[in-house]
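# Working through the structure, step by step
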Amino acid sequence: THGQVSTSIMVIGIACWIANLLALVLPYWRSHVVGTFGYPRPRSWGLTSVYGKVWQQQYKMMFVACNGYADLNVGNICRSPLCLWYRLKCVKYYELYCVGTA
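Worth saying up front: this structure is predicted, and the values here are computed from it rather than measured.

### Focus on the state of the cysteines
Under the criterion given, the structure shown has two disulfides. With its sulfur 1.9 Å from that of its partner, Cys66 forms a disulfide with Cys90. Measuring the twist about the S-S bond at about 90°, one finds the Cys66-Cys90 disulfide to be right-handed. Within this pair, whereas Cys66 is found in helix α2 (residues 58-72), its partner Cys90 is found in helix α3 (residues 81-101), the two being separated by 24 residues in sequence. A relative accessible area of 12% places Cys90 in the buried class.

### Observations regarding the pattern of salt bridges
Tallied over the entire structure, the rule returns one salt bridge. As a salt-bridge pair, Lys92 and Glu95 come within 3.4 Å of each other at their nearest N and O atoms. Of the two residues, Lys92 and Glu95 both sit in helix α3, three residues apart, roughly one turn of that helix. On the basis of relative accessible area, Lys92 is assigned to the partly exposed category, the value being 45%.

### So, unusual backbone geometry
Leaving glycine aside, a negative phi is the common case for residues, and trans is the common case for peptide bonds. We note that Asn76 has phi near 60°; this positive angle belongs to a residue other than glycine. For Asn76, the location among the structural elements is in the loop between α2 and α3.

### Some words on the sheet that holds strand β4 (residues 55-57)
One open sheet accounts for four strands, arranged β1-β2-β3-β4; its pairing is antiparallel. With one partner strand each, in any of the chains shown, β1 (30-32) and β4 form the two edges of the open sheet. This sheet shows a mean twist of 10° between the axes of neighbouring strands, independent of strand direction. Taken together, the three bridges between β1 and strand β2 (residues 43-45) define a ladder with antiparallel strand orientation. Looking at the pairing, Ser31 lines up with Ser44 of β2. Strand contacts of α2: β3 (49-51) and β4, with the helix running at about 85° to β4, the strand carrying the most contacts.

### Points about the packing of α2 against α3
The interhelical angle for the contact between α2 and α3, taken along N-to-C directions, is 150°, at an axis separation of 8 Å. Compared by their axis directions, α2 and α3 come out roughly antiparallel. Seen along the crossing, α2 lies across α3 with a hand that is left-handed. Seen from α2, the contacting residues are Gln58, Tyr59, Met61, Met62, Ala65, Cys66, Gly68, Tyr69 and Leu72; seen from α3, they are Leu82, Cys83, Tyr86, Arg87, Lys89, Cys90, Tyr93, Tyr94, Leu96 and Tyr97.

About the cut-offs
- Residues numbered from 1 in each chain as written.
- Predicted model: local features only at pLDDT ≥ 70, side-chain atom pairs only at ≥ 80, totals over all residues.
- Heavy atoms only, no water.
- Disulfide = S-S within 2.5 Å.
- Helix = DSSP H or I, 4+ residues; strand = E, 2+ residues; numbered from the N terminus.
- Buried < 20%, exposed > 50% of the residue type's maximum accessible area, 1.4 Å probe, protein only.
- Salt bridge = Lys/Arg side-chain N within 4 Å of Asp/Glu carboxyl O.
- Pairing = 2+ DSSP bridges.
- Axes fitted to C-alpha atoms, helices over the stretch in contact; angles between N-to-C directions.
- Contact = heavy atoms within 4.5 Å.
- Parallel < 35°, antiparallel > 145°, perpendicular 65-115°, else oblique.
- Left-handed = near helix turned anticlockwise from the far one by under 90°.

What follows is the structure in structure tokens.
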């Protein structure tokens with residue numbers, strides 16, 4: 001038997017758990033309306049997709065970033081800032097893809 005306080009704590013905890021679960025499943029769990037410097041459109045991230053100028057799945061973003069890295073990684077030498085940027089994007093999008101599809 002639970003008292004009134006512990007029952008209300010459990011109800012609030014379950015409601016928070018459901019809200020967090022919905023935030024992860026919905027495609028707008030992380031977003032900003034204003035945009036970033038040089039990118040005036042709103043952008044939002046979901047567990048499996050990203051919505052900005054166009055809607056893309058995580059694997060498509062990973063594929064584009066890793067192809068950009070492969071194109072810039074000539075002779076297996078990645079020293080330019082652009083190549084390093086695409087390598088970082090490739091690795092992070094791969095990690096996000098693995099977490100989103102696990």
